[in-house]
Every structure is written in structure tokens, then in C-alpha cells.
Amino acid sequence: MEIRVFDTAEQVGQAAAVLLAAQLLRKPDSVLGLATGSSPIPTYTCLIDLNRRGVVDFSQVTTFNLDEYVGIPESHECSYHRFMNEQLFSHVNIRREAIHVPDGNAPNLEESAAAYDEAIRKAGGIDVQLLGIGRNGHIGFNEPSTQFIYGCHVVSLSDSTIDANKRFFASEADVPRQAVSLGIGSIMNARQVLLIATGSDKADAVRRAIREDVNPQIQASILRTHPDAVFLLDRAAAAQL
Ligand code: F6R
């Protein structure tokens with residue numbers, strides 16, 4: 001595992017965007033695993049700019065998002081479908097049919113989750129997986145647990161995650177209690193993993209992920225066993241290392 005520390009969140013975003021741009025130059029039909037939340041926004045801003053300037057081409061790219069809430073429509077202002085459209089997809093030359101986000105409204109969520117893993121496999125697997133990290137060390141919505149769950153699955157969100165994400169909703173009561181998330185196996189199968197952590201409220205999770213034994217109470221710790229995982233941190237997130 002490699003750790004790179006930058007002064008600001010913007011610099012972290014630029015570094016992640018440069019790594020993704022290099023990936024797309026090497027392999028224009030790359031499969032990218034994408035994240036939502038605050039952490040990747042500077043990366044997406046930078047990628048949009050590189051796309052506008054003709055440096056990065058999304059025309060052959062396929063994407064799979066990490067997760068989606070259960071039970072809110074795609075058009076909901078907090079849905080991850082909508083987030084991705086607003087923060088990236090509607091600004092770049094990606095093909096609509098190449099975009100995949102887990103379906104949080106499928107009649108059979110577990111079947112739909114299994115089909116999502118199968119679609120990733122059929123696409124050739126994820127080349128680069130972009131991740132944020134929760135204050136509780138989650139990646140995707142893989143919450144602290146006694147085990148690492150392999151495949152895409154339905155998750156009950158922890159109190160810590162509901163508390164962290166209520167800022168996007170009208171009230172805490174409006175935060176969905178469940179989500180569909182890629183599993184740890186799906187994430188670990190990516191050829192490269194880029195984890196972005198910025199801000200002081202991530203410092204404890206970053207320290208635990210890097211310093212504690214690999215264990216499912218801090219799900220990001222598993223990334224230390226990945227052959228090509230890069231942690232991109234700003235100074236505040238790296239402060240406890
Ligand atoms: C988002 C995701 C989550 C977030 C994490 C950090 O798709 O899977 O693991 O990356 O909760 O969220 P932010 O970046 O908002 O602090």
C-alpha cells in the first residue's frame with residue numbers, strides 16, 4: 001500500500017484525476033469503479049476540466065458505482081444516481097449505457113445485487129476503483145462488522161453513517177436506513193484502488209485503517225493486503241499517522 005499526502009483537498013483531487021487520466025490514456029476502454037460523497041468531488045471537477053480540454057476521453061469508458069440508497073427514486077436529490085449525473089456524467093462524453101449504479105429500488109434487491117457483480121465480471125472487472133472512507137472506516141457501505149462480505153449486497157446503515165450523511169437530507173429521519181453496496185471482494189478484485197480521505201474528521205479512520213491490525217471493525221484496513229492500493233490524503237486526514 002502506498003500513502004501520498006498533499007497540502008489540500010484540491011491537490012488530492014488533482015492527484016486522483018491525474019492517475020485516472022493516465023489510466024484512460026493507457027487503456028481508453030477502462031472500467032472505472034466510482035464513489036459518491038464529498039471526497040471525490042474535486043477529482044470529478046478536475047476530470048471534467050481535463051475532458052473539456054480534450055486530455056481525457058470517456059467515450060469508451062464503462063463505470064460501476066459503489067453503492068446506492070434503498071427506497072429513494074433515482075430523481076431524488078440525494079440519490080447517488082443523481083449525484084453522479086450532476087457531479088460527473090452529464091459533463092463528460094460518457095455513453096449513457098456504459099454507466100452502472102446499483103438499483104436501490106429493485107423488486108428483489110439481493111438478486112439485483114448479485115446481477116451487479118456479474119455485470120462487473122462480464123465487463124472484464126474493475127481497472128481502477130475510487131473510494132472514500134467513512135468516519136467509521138467503511139468503504140462503500142461496508143460497515144464495521146465481524147466479517148468482510150464478499151459480493152454486492154444489501155446493507156443496514158450504521159448510526160455513524162446515518163449521522164454523517166444526514167447533512168445531505170432535510171432531516172436525520174429522511175436518511176434511508178438501507179443501501180446496496182459492492183462487497184469487499186468486489187472492491188478488492190479491482191486492479192488498482194485509490195482511496196481519497198480529506199479533512200480532520202477522517203484522521204481517526206485513516207489512522208486505524210493503516211495502523212491497526214487488518215480487521216472487519218475497520219473495513220478499509222483490508223486494503224493493506226491489496227497489491228496496488230494508494231491512499232491519497234490531505235494533511236488534515238493524515239494528521240494522526
Ligand atoms: C460513497 C461511499 C462512501 C463514502 C464515505 C465518505 O459512494 O461509498 O463509502 O465514500 O462515506 O463519504 P464523504 O466523502 O462524503 O465523506
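Structure: above.
Residues numbered from 1 in each chain as written. Predicted model: local features only at pLDDT ≥ 70, side-chain atom pairs only at ≥ 80, totals over all residues. Heavy atoms only, no water.

**Student:** Looking at this structure, I do not really get the pattern of salt bridges. What am I missing?
**Tutor:** When charged atoms on two side chains of opposite charge get close, those side chains can pair. Applying the stated rule across the entire model yields 12 salt bridges. With a shortest N-O distance of 2.8 Å, K27 and D127 are connected by a salt bridge. Here K27, found in the loop between α1 (9–26) and β2 (31–34), pairs with D127, found in the loop between α4 (109–122) and β6 (128–131); they are 100 residues apart in sequence, far enough to count as distant. Its relative accessible area of 30% is what places K27 among the partly exposed residues. A relative accessible area of 6% means that D127 is categorised as buried. The partner of R191 in a salt bridge is D127, with the nearest N and O atoms 2.8 Å apart. Here the residue R191 occupies a position in the loop between α6 (184–188) and β9 (192–197), and D127 occupies one in the loop between α4 and β6, the gap between them amounting to 64 residues. Exposure remark for R191: the relative accessible area of 44% places this residue in the partly exposed category. Each of R135, D163, K166 and E172 takes part in a single network of salt bridges with overlapping partners. (Salt bridge = Lys/Arg side-chain N within 4 Å of Asp/Glu carboxyl O. Helix = DSSP H or I, 4+ residues; strand = E, 2+ residues; numbered from the N terminus. Buried < 20%, exposed > 50% of the residue type's maximum accessible area, 1.4 Å probe, protein only.)

**Student:** For this particular structure, what's the right way to read the pairing of strand β8 (residues 178–181)?
**Tutor:** In this structure, strand β4 (residues 67–69) lies alongside β8, joined through 3 bridges in antiparallel fashion. Opposite Y69, over in β8, you have A179 as the bridge partner. Two strands pair when backbone bridges link them, and strand β7 (residues 153–156) and β8 are joined in this way by 4 bridges, in the antiparallel orientation. Note that in β8 the partner of V154 across the bridge is V180. (Pairing = 2+ DSSP bridges.)

**Student:** Explanation requested: the site of the ligand in the structure shown.
**Tutor:** In the vicinity of the ligand there are 14 residues, among which S39, D67, H138, G140 and K202 approach most closely. Measuring from an oxygen atom of the ligand, one finds a side-chain N or O atom of T36 at 2.8 Å. K202 has a polar side-chain atom sitting 2.6 Å from an oxygen atom of the ligand. Against a free-state accessible area of 410 Å², the protein chains account for coverage of 94% of the ligand. Considering only residue class, the shell around the ligand consists of 3 nonpolar, 8 polar and 3 charged. (Near = heavy atom within 4 Å. Polar contact = N/O pair within 3.5 Å; in protein donor to acceptor, adjacent residues only side chain to side chain. Areas by Shrake-Rupley, 256 points an atom, 1.4 Å probe, with all protein chains shown as cover. Nonpolar A, V, L, I, M, F, W, Y, C, P; charged D, E, K, R; others polar.)

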